[in-house]
Amino acid sequence: MKPTVVLAEAMLPNRQKLSLRRHDGHYHIRVGGELLMSTTATASEAQMAELAHAAFGAGAGQRVLIGGFGFGFTLRRMLELVGPDVHVQVAELLPQIVEWNRVHLASVNGQLLDDPRVEVLLGDVFAVLGSAAPASYDAVLLDVDNGPEALVDARNERLYADVGLAALSRALKPGGRAVFWSAGTDDRFLRRLKRAGFQAEALWAKAYPQAQVKTHTLFVADWPRRERPHSPE
Ligand SMILES: C[S@@+](CC[C@H](N)C(=O)[O-])C[C@H]1O[C@@H](n2cnc3c(N)ncnc32)[C@H](O)[C@@H]1O
């Protein structure tokens, strides 16, 4: 049997243990024994960046916010797609994630944290959105939890709630796009996005390129170019 190597461990403020492990060439992060993320299935994370980038208008100097870093596959794809003058902020709640990526995962995506286009913000992306100047971002990519209805961290509920969507719409430029990652689909969240004034759709996405079925959902939410009254759709 192939061994599992524990590379790092930390105790979170809620007394749950966070651990980084390597097994059979892949990396896994667990919280309190539950799998939080791994490097085995990253296609939908990369697709988030492709969908966000597709909405960029002509011109340069776009500003992007990604929350959170994880293993950096969303950031990697975004940096592959954009030019040298794009500014990408990455908000990551857990300092250990950033440190472990730098120390243990430099050859995965950790070295991207030092890309001159990247600014790392340690903290909650909800707070980053809330304090952003209006119309700050061309794109906001949110992959912080399992989705609107399957939360690992209950505090993330507000990101998917009306209060989070209001902060998001304020922080997006007219014509800007948000992409939410979710483990499953959720019609209620789609309706909430539309009620909040977004033009929104839910797309199925593959967990890994060779997957036969699409198991993840990406919610794509466009903020209109001209603000329009919120519809009760
Ligand atoms: C599933 S991972 C993201 C995976 C990432 N898309 C990738 O390509 O590897 C979720 C990340 O979000 C972070 N996170 C959770 N809640 C957060 C929040 N409210 N603000 C910022 N980061 C958060 C977690 O610590 C974790 O690093």
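Our structure's up above, just so we're on the same page.
Reference entry: report on the structure contained in this document. (Residues numbered from 1 in each chain as written. Predicted model: local features only at pLDDT ≥ 70, side-chain atom pairs only at ≥ 80, totals over all residues. Heavy atoms only, no water.)

### A few points about unusual backbone geometry
A cis amide bond, omega -10°, links Gly-67 with the succeeding residue Gly-68. As for its position among the elements, Gly-68 is in the loop between strand E5 (63–67) and helix H2 (73–81). Phi at Ala-135 takes a positive value of approximately 55°, unusual for a residue other than glycine. Checked against the element boundaries, Ala-135 lands in the loop between helix H4 (125–131) and strand E8 (137–142). (Helix = DSSP H or I, 4+ residues; strand = E, 2+ residues; numbered from the N terminus.)

### Things to note about the site of the ligand
Near the ligand you find 20 residues, and of these Phe-71, Thr-74, Glu-92, Asp-143 and Asn-156 are the closest. Within the contact set of the ligand, an oxygen atom lies 3.1 Å away from a backbone nitrogen or oxygen of Gly-72. Asn-156 has a polar side-chain atom sitting 2.8 Å from a nitrogen atom of the ligand. Computed on the free molecule, the ligand has an accessible area of 610 Å², of which 95% lies beneath the protein chains in the complex. Mapped onto the shell around the ligand, the elements with two or more residues apiece are H2 and strand E6 (87–92). Classifying every residue of the shell around the ligand by side-chain character gives 10 nonpolar, 6 polar and 4 charged. (Near = heavy atom within 4 Å. Polar contact = N/O pair within 3.5 Å; in protein donor to acceptor, adjacent residues only side chain to side chain. Areas by Shrake-Rupley, 256 points an atom, 1.4 Å probe, with all protein chains shown as cover. Nonpolar A, V, L, I, M, F, W, Y, C, P; charged D, E, K, R; others polar.)

### What to know about the packing of helix H1 (residues 43–54) against H2
At a minimum axis separation of 7 Å, H1 and H2 run at an interaxial angle of 40°. Regarding H1 and H2, the two cross each other, and that crossing is right-handed. Residue-level contacts link Glu-45, Ala-46, Met-48, Ala-49, Glu-50, Ala-52 and His-53 of H1 to Phe-73, Thr-74, Arg-77, Met-78 and Leu-81 of H2. The residue inventory of the contact of H1 with H2, partitioned by class, reads 7 nonpolar, 2 polar and 3 charged. (Axes fitted to C-alpha atoms, helices over the stretch in contact; angles between N-to-C directions. Left-handed = near helix turned anticlockwise from the far one by under 90°. Contact = heavy atoms within 4.5 Å.)

### Let's talk about the sheet that holds strand E1 (residues 4–11)
Spatially, 4 strands are ordered E1-E2-E3-E4 in an open sheet, and the strand pairing comes out antiparallel. Of all strands in the sheet, those with a lone pairing partner are E1 and strand E4 (34–38), marking the two edges. Strand after strand, the sheet turns through a mean of 25° between neighbouring axes, direction not considered. Strands in contact with helix H3 (residues 95–104) are E1, strand E2 (17–23), strand E3 (26–31) and E4; relative to E1, the strand with the most contacts, it is inclined by about 145°. (Pairing = 2+ DSSP bridges.)

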